[in-house]
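Structural overview for review
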Amino acid sequence: MIREFKDFIAKGNVMDLAVGIIIGAAFTAIVTSLVQDLINPLIGLFVGGLDFSGLSVGIGDAQFMYGSFITAVINFLIVAFVVFLLVKVVNRIKSVAEKPDDIAPEVQTGPSELDVLIEIRELLRKA
């Protein structure tokens, strides 16, 4: 059983997943800061500094903080859109990298097909 576990851990997929989770956690901090520190204040300018987080409804002793939920949904939508844009850019870069011929066509070192045909025509006229 220990050998099977070691084989499982040693597989590339598990290591790739671990690296992805670590990078994802670091990236989450960056995107969260982008949303909270840059995008939310910008949105606050347009909506007059409206803050949903304080909205709540009390029923008996229970407080339902629906404003915090609305804020979380808005933050999620912004983060999802930022991630969408980043994935779109990465996919575009990948597609360009996979097709280098579209960017820089091969340099032709010999005569072109047209040059060869003209030379053949001239040789046939002389014959």
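Residues numbered from 1 in each chain as written. Predicted model: local features only at pLDDT ≥ 70, side-chain atom pairs only at ≥ 80, totals over all residues. Heavy atoms only, no water.

Let's talk about the overall build of the protein
Short version of the rule: Starting at the N terminus, helices and strands are each numbered in turn, a helix being any DSSP run of H or I of at least four residues and a strand any DSSP run of E of at least two. When accessible area is computed with a 1.4 Å probe and restricted to protein chains, residues below 20% of their type maximum are described as buried, those above 50% as exposed, and intermediate ones as partly exposed. The contact criterion used throughout is that any non-hydrogen atoms of two residues lie within 4.5 Å.
When you go through the protein residue by residue, the secondary structure sums to five helices and two strands. Reading the protein from its N terminus to its C terminus gives the helix and strand order α-α-β-β-α-α-α. Burial analysis of the protein (127 residues in total) assigns 6% to the buried set. For the protein, restricting intrachain contacts to residue pairs at least 6 apart in sequence, the fraction spanning at least 24 positions comes to 35%.

Details of a nonpolar patch on the surface
The criterion, for reference: Like charges within 9 Å and nonpolar side chains (Val, Leu, Ile, Met, Phe, Trp, Tyr) within 5 Å are joined into patches, using only residues over 30% in relative accessible area that form no salt bridge. Accessible surface area values rest on a Shrake-Rupley calculation with a 1.4 Å probe, where residue burial reflects the displayed protein chains alone. Each salt bridge in this description consists of a side-chain nitrogen of Lys or Arg and a carboxyl oxygen of Asp or Glu lying within 4 Å of one another.
On the surface, Phe 27, Ile 30, Val 83, Leu 86 and Val 87 cluster together into a nonpolar patch covering about 390 Å² of accessible area. Sorting the residues of the nonpolar patch by element identifies α2 (12-46) and α3 (66-98) as the ones contributing at least two each. Among the elements that make up the nonpolar patch, the one with the highest residue count is α3 (three residues). A relative accessible area of 42% places Val 87 in the partly exposed class.

Section: the pattern of salt bridges
According to the stated counting rule, one finds two salt bridges in the structure shown. Glu 122 is the salt-bridge partner of Arg 121, the closest N and O atoms lying 3.2 Å from each other. Using a relative accessible area of 33% as the deciding quantity, one classes Glu 122 as partly exposed. The salt bridge partner of Arg 125 is Glu 122, with a shortest N-O separation of 3.7 Å. Of this pair, Arg 125 and Glu 122 both sit in helix α5 (residues 113-126), three residues apart, which is roughly one turn of that helix. The exposure class assigned to Arg 125 is exposed, which follows from its relative accessible area of 59%. Within this structure, Arg 121, Glu 122 and Arg 125 form a network of salt bridges that share partners.

Some thoughts on α3
Convention followed: To estimate how far a helix should extend, the number of its residues minus one is multiplied by 1.5 Å.
Compared with the 48 Å implied by 1.5 Å per residue over 33 residues, the 47 Å span of α3 between its first and last C-alpha is a close match. Within α3, the full set of buried residues consists of Gly 67, Asn 75, Ile 78 and Val 82.

Comments concerning the environment of Phe 69
Tracing the sequence through the fold places Phe 69 in helix α3. Note on Phe 69: relative accessible area 58%, which makes it exposed. Through-space distance from the C-alpha of Phe 69 to that of Phe 52 is 8.6 Å; in sequence the pair is 17 residues apart.

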